[in-house]
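# Structure assessment
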Amino acid sequence: MRLAQHMSVASERVRSTVIEANEFPELSRAYQVMGVPKVVINDRVQFEGAVPEPDFLGAVLQAVETP
Amino acid sequence: MPILNPRDQAAVRKEFERIAGPVKLVVFSQSLAAPELCQQNEQLVREVAELSDQITVEILNLAIDRERAEAYGIDQVPAIVVEGNRDWGIRFYGVPLGYEFSNLIDSIIVASTGEPVLSEETLASTSRCSRPRPDRTVPGPCAWHSTCRWRRSECARL
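Conventions and cut-offs
Residues numbered from 1 in each chain as written. Chains lettered and ligands numbered in written order. Predicted model: local features only at pLDDT ≥ 70, side-chain atom pairs only at ≥ 80, totals over all residues. Pairing = 2+ DSSP bridges. Helix = DSSP H or I, 4+ residues; strand = E, 2+ residues; numbered from the N terminus. Axes fitted to C-alpha atoms, helices over the stretch in contact; angles between N-to-C directions. Contact = placed C-beta atoms within 7 Å. Buried ≥ 20, exposed ≤ 12 C-beta atoms within 10 Å, placed from the backbone.

Before going further, it helps to examine the sheet that holds strand β3 (residues 79-83) of chain B. Strand order in the open sheet formed by five strands is β1(A)-β4(B)-β3(B)-β1(B)-β2(B), and the pairing between neighbours is mixed. If you trace the sheet from one side to the other, it starts and ends with β1 (16-19) of chain A together with β2 (55-61) of chain B, each paired once. Averaged over all pairs of adjacent strands, the angle between strand axes in this sheet comes to 20°, irrespective of strand direction. Its contacts with the sheet place helix α1 (residues 2-10) of chain A against β1 of chain A together with β4 (87-93) of chain B, and it is angled at close to 155° to β4 of chain B.

Next comes the structure, spelled out in structure tokens:
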């Protein structure tokens, strides 16, 4: 989550919302959250677990590159 | 009863020595929707804000302060907006306790400095195309940076 928030500061085109999964069961169901942390980017790319910064960046770029 | 014990407070105060400017925590609550969580969230935010004179708190009601909520893109409660000298787009839904608490503290610090701690590659990829394209009609690479990896058509999407 830290990476997402720092990216939000780095670019005005990035926003980050941290959602407490247990307190928002409808959102958790909608995003099929089975474990946390889970990251969903632009409703296009998602992954579970902490990942290294290059992988996180790759996911962000993939989310905006996908047609 | 306080949420943060003296040891937590001391640790957060130490972290807050890195705060470089004013930060506003905008809290959205709605007692009818989630009374206990909203109350706990407000208490947590107030306790955190007491640990630095750079932090201010504004409590809003999702049902009453609809325009503000819409402007922030908030549609759930409890919610927290972390603002520095501008709105960086940092939001929390739910009470940021446990693992999320350290993220809240870190987000307050980075919102105050405006200086993300990221690798050069990440900064380059997320920052280069952050400004609006100067001329939408001219094809070719992003005009802001000759080394930008984005084509102009992609640039505006990040």
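Next up on the list: the environment of I109 of chain B. All names here are of chain B. Of note, I109 is situated in helix α4 (residues 99-113). A residue is classified by how many C-beta atoms lie within 10 Å of it, and I109, with 20 of them, is buried. Taking the C-alpha atoms as reference, I109 lies 9.0 Å from E17; in sequence the two are 92 residues apart. With sequence-adjacent residues up to four places away left out, I109 is seen in contact with E15, R18 and I19.

The next subject is unusual backbone geometry. Geometrically, the link from V36 of chain A to P37 of chain A is a cis peptide bond, its omega value of -5° lying close to zero. Cis geometry is found at the peptide bond from V77 of chain B to P78 of chain B, where omega equals -5°. You can see P78 of chain B is positioned in the loop between α3 (66-72) and β3. The backbone phi angle of N42 of chain A is positive, close to 55°, even though this residue is not glycine. Relative to the elements of secondary structure, N42 of chain A occurs in the loop between β2 (38-41) and β3 (45-48). When the 12 C-beta atoms within 10 Å are taken as the criterion, N42 of chain A is described as exposed.

The subject of this paragraph is the pairing of β3 of chain B. Residues in a regular strand point their side chains to alternate faces of the sheet. Residues and elements named next belong to chain B. Among the five residues that make up β3, five are buried, leaving the element largely enclosed by the rest of the structure. Of the two faces of β3, the one lined by A79, V81 and E83 and the one lined by I80 and V82 are each fully buried. In terms of strand pairing, strand β1 (residues 23-29) meets β3 through five bridges, oriented antiparallel. Bridge pairing in β3 links K24 to E83. Taken together, the five bridges between β3 and β4 define a ladder with antiparallel strand orientation. For V82, the partnering residue across the bridge sits in β4 and is I90. Turn length for the β3-β4 hairpin, with the two strands adjacent in sequence and antiparallel, is three residues.

Without other data, these values stay purely geometric and don't point to any function.
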